Amino acid sequence: MIKLNKLKRTNCVSFILMFILSTLLLGACTNKEQPKNKIPAKNEKPKAPVAALENEWKLPISIPKREGEFSRLAGWLSDTELLYITNLEQTSSVFRYNLLSGKSELIYRCGSPIVTVQISPTRKFLLIHSSPSSYEGLVTIIDSKGTELSKQSFASYELVFEWNPYNEFEVLVSKFDEDWNFQLFLLDINNAKTTEIYLPQPFVKWMDESEVAFLNWDESNPSLYAPLVVKRLDNGMEKTVLPSAIQFSAFRSLLMAVTVNEQDKKMADYSFFDHEMKKLFTFSIPQLTKFSDWLVPFYDYNVQMKQFITFSPLKSGEADSYSDGFQLLTFDLKKGSSTLIMEGLQNEPINFSPSGKALLYGNQFEKIIDINAKKIYNVIKE
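All of these numbers come straight from a predicted model, not from anything done at the bench.

*Asks:* Just give me the short version of unusual backbone geometry, but keep the residues and values in it.
*Replies:* Each neighbour pair has its own omega, and for leucine 59 with proline 60 the value is 0 degrees, a cis peptide bond. Note that proline 60 resides in the loop between helix 1 (4–7) and strand 1 (69–78). Notably, glutamate 89 is not glycine yet its phi reads approximately 55 degrees, a positive angle. The residue glutamate 89 is located in the loop between strand 2 (81–88) and strand 3 (91–98) in this model. Phi at lysine 374 is positive, roughly 60 degrees, even though this residue is not glycine. Position of lysine 374 relative to the elements: it lies in the loop between strand 30 (367–370) and strand 31 (375–378).

*Asks:* With reference to specific residues and values, describe the sheet that holds strand 5 (residues 114–119).
*Replies:* Reading across from one edge, 5-6-7-8 is the order of the four strands in this open sheet, with antiparallel pairing throughout. Pairing within the sheet leaves two strands with one partner each, and these edge strands are strand 5 and strand 8 (148–155). Direction aside, the axes of adjacent strands within the sheet are offset by 15 degrees on average. Bridging between strand 5 and strand 6 (residues 125–133) involves five bridges; their strand directions are antiparallel. Bridge pairing in strand 6 links glutamine 118 to leucine 127.

*Asks:* Provide a residue-level description of the pattern of salt bridges, including the pertinent values.
*Replies:* Applying the stated criterion to the full structure yields 14 salt bridges. Taking the shortest distance from any N to any O, the salt bridge between glutamate 105 and arginine 96 comes out at 3.3 Å. You can call glutamate 105 partly exposed: its relative accessible area is 43%. Across the salt bridge formed by lysine 205 and glutamate 162, the nearest N and O atoms sit 3.4 Å from each other. Taken together, the positions of lysine 205 in strand 13 (residues 205–208) and glutamate 162 in strand 9 (residues 158–163) put the pair 43 residues apart, joining distant regions of the chain.

Rules of the game
- Residues numbered from 1 in each chain as written.
- Predicted model: local features only at pLDDT ≥ 70, side-chain atom pairs only at ≥ 80, totals over all residues.
- Heavy atoms only, no water.
- Helix = DSSP H or I, 4+ residues; strand = E, 2+ residues; numbered from the N terminus.
- Pairing = 2+ DSSP bridges.
- Axes fitted to C-alpha atoms, helices over the stretch in contact; angles between N-to-C directions.
- Salt bridge = Lys/Arg side-chain N within 4 Å of Asp/Glu carboxyl O.
- Buried < 20%, exposed > 50% of the residue type's maximum accessible area, 1.4 Å probe, protein only.

Given below as structure tokens:
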């Protein structure tokens, strides 16, 4: 069983507030110089500048009073469609918004407040977590048109979810009671079946269709690090793939781990591995300390573009007293290069669009960053 102070050290405590991660390259990893303009060869036509997406988007979104108050953006359904949630008294509604037409479409209305909506990796399904009461979580799976596929109630104080990107009809559900004791369940959407899974940690990521990874914290010996363990759900076999890590994430065919730099403890190393644990790319950034662990700023990964994006502090120090703002950096894992997008930003959640051209940004995803134009726009009309 897990206590609250252990959860704060565990990977990605999404329900306590959101996942965190950060990056700032040193030396060759971060190139602050602007590239020189290329002189076109004779008879070569200069390339037209990339048009800002503001010329195509219809923003901000205006929500009629009859639909209630804006709660938050849930994410991208496509490069031109957003998903947002509104609350009206004790009901919540999920809307699709078309950035090109400026029109909203109701997808689903819930008779109790919605805690969160999670979009499946291929964006075909939506998981809606609503709360009929303080100690009940209702999990409803719908398709992108609003058709209900599955509904399951959990007696719980909090729920955390992890879609299986290799089989989207499976979702791992971590169920917590008020004392933060936990149970894990495998939700089988196709067969409307829920099976309890026995793992020592509540926060897990899928490595393949039947294999998961987790940081195996030792409750009897509190530490700032934990071994990264991979375990198969079909036969129970497990192995330690890294002796110590601060945090990790698993994406399709990619594992990312954050560790402390061995030469300079004020720096954090971000390393990327394939599923054979062959190291593909590494960079280091300044590290901010908290009372009992480190601050790992928000990040995201675009599978299509093989691009990692993260916030990064300008220098190491204490997180509580740090006030110099964060850089937003992208890393091309194929080329092993980095690009500075913007500076002076707050460390807040980010979410890539499918094409990687834009980001949702903010604690409610209430802003959009146009990556090419390097501009920020408000999503919701104030």
